[in-house]
Amino acid sequence: MSSGIKLVALWLSKAKSAVVFTGAGISTESGIPDFRSPGGVWTKYRTVYFDEFCRSAEARHEYWNQKTEAHTAFAAASPNIGHQTIAKWEQSGRVRGVITQNIDGLHQISGSKDVLELHGTAREAYCLDCDARFSIDPLVEHFRQTNEVPLCADCGEGRLKHATVSFGQMLPEKTLERAYQWCQEADLVISVGSSLVVHPAAGLPELAKRSGAKLVIINRDETGLDSMADMLIDGSCGEALAAIDAAL
Ligand code: NAD
Ligand code: ZN
């Protein structure tokens, strides 16, 4: 076992307010591609911006078409050892919770309770007109079968959108506020599988570091905060988390 892993395990065992921060890289080992890999969503589709979604039926159709395809990968995915290790650390009181940029819901499925979803969740839809929330599966199924964008069953014809944050849409304010608080109070932040370039989310580990926390980065490629890190672990998210756990 590397001395880096042992040191991170020591920091975690001594931490009073540790936080885990995750990005798309923790879920690639569950079969969900990250955005930046070849053939990923960004290279294949045009972006539907939030204002366009609101005003254009054609844009809503394009959006539902893209999201329905992405849903296939989410629906088939299960949590991996990385998600499971983080859930175990929360249950045993080693970490306060997890702040995630992911929309796949795998942290909750693996047993994590306090999950701050900065970019929302693809497991639900909500109505832009009356705020009602719905489980995503039947709506995606409806789109698949009819090729028609589903309408809100509560208010009759409200515009339904996945409960994720689109380009041009604000991050959920209360969630972001809690995340800022966790990071200001943290003494250790472990960032897992994020390129740490998407703002404002990537600013959170940076805030923690500036507020006095140790910063550990687990990622197989360079990140935007490598120069600030107290420890860089270059490799698989799942293997690294399991190794830290084994060293505790
Ligand atoms: P990103 O795509 O910018 O970065 C992912 C990073 O993880 C990359 O640097 C990559 O090298 C690394 N990585 C991938 N697989 C890895 C592995 N198995 N082990 C170690 N490192 C690995 O992701 P991001 O920073 O989270 O930002 C992209 C945005 O895309 C996020 O805002 C998120 O909302 C969204 N997104 C979410 C999902 C999901 O929910 N699973 C999937 C794709 C995109
Ligand atoms: Zn409605």
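Attention in this report is confined to the structure presented alongside it.

Definitions and cut-offs
Residues numbered from 1 in each chain as written. Chains lettered and ligands numbered in written order. Predicted model: local features only at pLDDT ≥ 70, side-chain atom pairs only at ≥ 80, totals over all residues. Heavy atoms only, no water. Helix = DSSP H or I, 4+ residues; strand = E, 2+ residues; numbered from the N terminus. Rg over C-alpha atoms; globule rule 2.2 N^0.38 Å. Buried < 20%, exposed > 50% of the residue type's maximum accessible area, 1.4 Å probe, protein only. Contact = heavy atoms within 4.5 Å. Areas by Shrake-Rupley, 256 points an atom, 1.4 Å probe, with all protein chains shown as cover. Lys, Arg positive; Asp, Glu negative; His and termini not counted. Charge placed at Lys NZ, Arg CZ, Asp CG, Glu CD. Near = heavy atom within 4 Å. Polar contact = N/O pair within 3.5 Å; in protein donor to acceptor, adjacent residues only side chain to side chain. Pairing = 2+ DSSP bridges. Axes fitted to C-alpha atoms, helices over the stretch in contact; angles between N-to-C directions. Core = buried A, V, L, I, M, F, W, Y, C linked by side-chain atoms within 4.5 Å. Donors = N, O, S within 2.8 Å, 3.2 Å for Na, K, Ca; no water. Tetrahedral: all angles 85-135°; square planar, octahedral: opposite > 155°, others 65-115°.

Observations regarding the overall build of the protein chain
Link 1 in the chain: Along its length, the protein chain carries 10 helices and 9 strands.
Link 2 in the chain: In summary, the protein chain has a C-alpha radius of gyration of 19 Å against a globular reference of 18 Å for 248 residues, a match within 12%.
Link 3 in the chain: Viewed in the frame of its principal axes, the protein chain has a C-alpha envelope of about 55 × 30 × 30 Å.
Link 4 in the chain: Relative to its full complement of 248 residues, the protein chain shows a buried share of 50%.
Link 5 in the chain: Partitioning the contacts of the protein chain with sequence separation of at least 6, the portion at a separation of at least 24 is 67%.
Link 6 in the chain: Split by element, the accessible area of the protein chain, about 11800 Å² in all, is 51% carbon and sulfur.
Link 7 in the chain: Taking the 24 positively charged and 31 negatively charged side chains of the protein chain as two groups, their mean positions are separated by 5 Å.

Notes on the site of ligand 1
Link 1 in the chain: The environment of ligand 1 is formed by 26 residues, the closest being Glu29, Arg36, Gln101, Ser195 and Asp221.
Link 2 in the chain: A distance of 3.5 Å separates a nitrogen atom of ligand 1 from a polar backbone atom of Gly25.
Link 3 in the chain: In this structure, a nitrogen atom belonging to ligand 1 sits 2.5 Å away from a side-chain N or O atom of Glu29.
Link 4 in the chain: A total of 860 Å² of accessible area belongs to ligand 1 in isolation, and the protein chains cover 95% of it.

Focus: the sheet that holds strand β4 (residues 120–127)
Link 1 in the chain: Spatial strand order, β5-β4-β6: 3 strands in an open sheet with antiparallel pairing. Single-partner strands in this sheet number two, and they are β5 (133–135) and β6 (160–164). Across the sheet, the mean angle separating the axes of adjacent strands is 40° when strand polarity is ignored.
Link 2 in the chain: Where β4 and β5 come together, 3 bridges link them in antiparallel fashion. Across the sheet, residue Ala125 finds its bridge partner in β5, namely Phe134.
Link 3 in the chain: Packed onto the sheet, helix α7 (residues 136–146) meets β4, β5 and β6 and runs at close to 75° relative to β5.

Things to note about the nonpolar core
Link 1 in the chain: Judged by nonpolar contacts, the single largest core of 25 residues is most densely connected at Val216, Ile218, Ile233 and Ile244.
Link 2 in the chain: Elements represented by at least two residues in this core include exactly α1 (3–14), β1 (18–22), α5 (81–91), β2 (95–100), β7 (188–192), β8 (214–218), β9 (231–233) and α10 (237–247).
Link 3 in the chain: With 5 residues, α1 is the largest single contributor of residues to this core.
Link 4 in the chain: Non-local contacts of Ile244, meaning those with residues more than four positions away in its chain, are made with Ile5, Val8, Ala9, Leu12, Trp89, Ile218 and Ile233.
Link 5 in the chain: If you look at the next biggest cluster of nonpolar residues, it comprises 22 residues, including Phe21, Leu118, Cys183 and Ala201.

A word on the coordination of the zinc ion (ligand 2)
Link 1 in the chain: Around the zinc ion (ligand 2), the donor atoms from the protein are Cys127 (SG), Cys130 (SG), Cys152 (SG) and Cys155 (SG), and they sit 2.3 to 2.4 Å away.
Link 2 in the chain: Given 4 donor atoms and angles of 107 to 114° at the metal, the environment of the zinc ion (ligand 2) is assigned as tetrahedral.
Link 3 in the chain: Sequence positions of the donors to the zinc ion (ligand 2) reduce to the motif C-x2-C-x21-C-x2-C. Placement of the pair is Cys127 in strand β4 and Cys152 in the loop between α7 and β6, with a sequence separation of 25 residues. In this pair, the class of Cys127 matches that of Cys152, namely buried.

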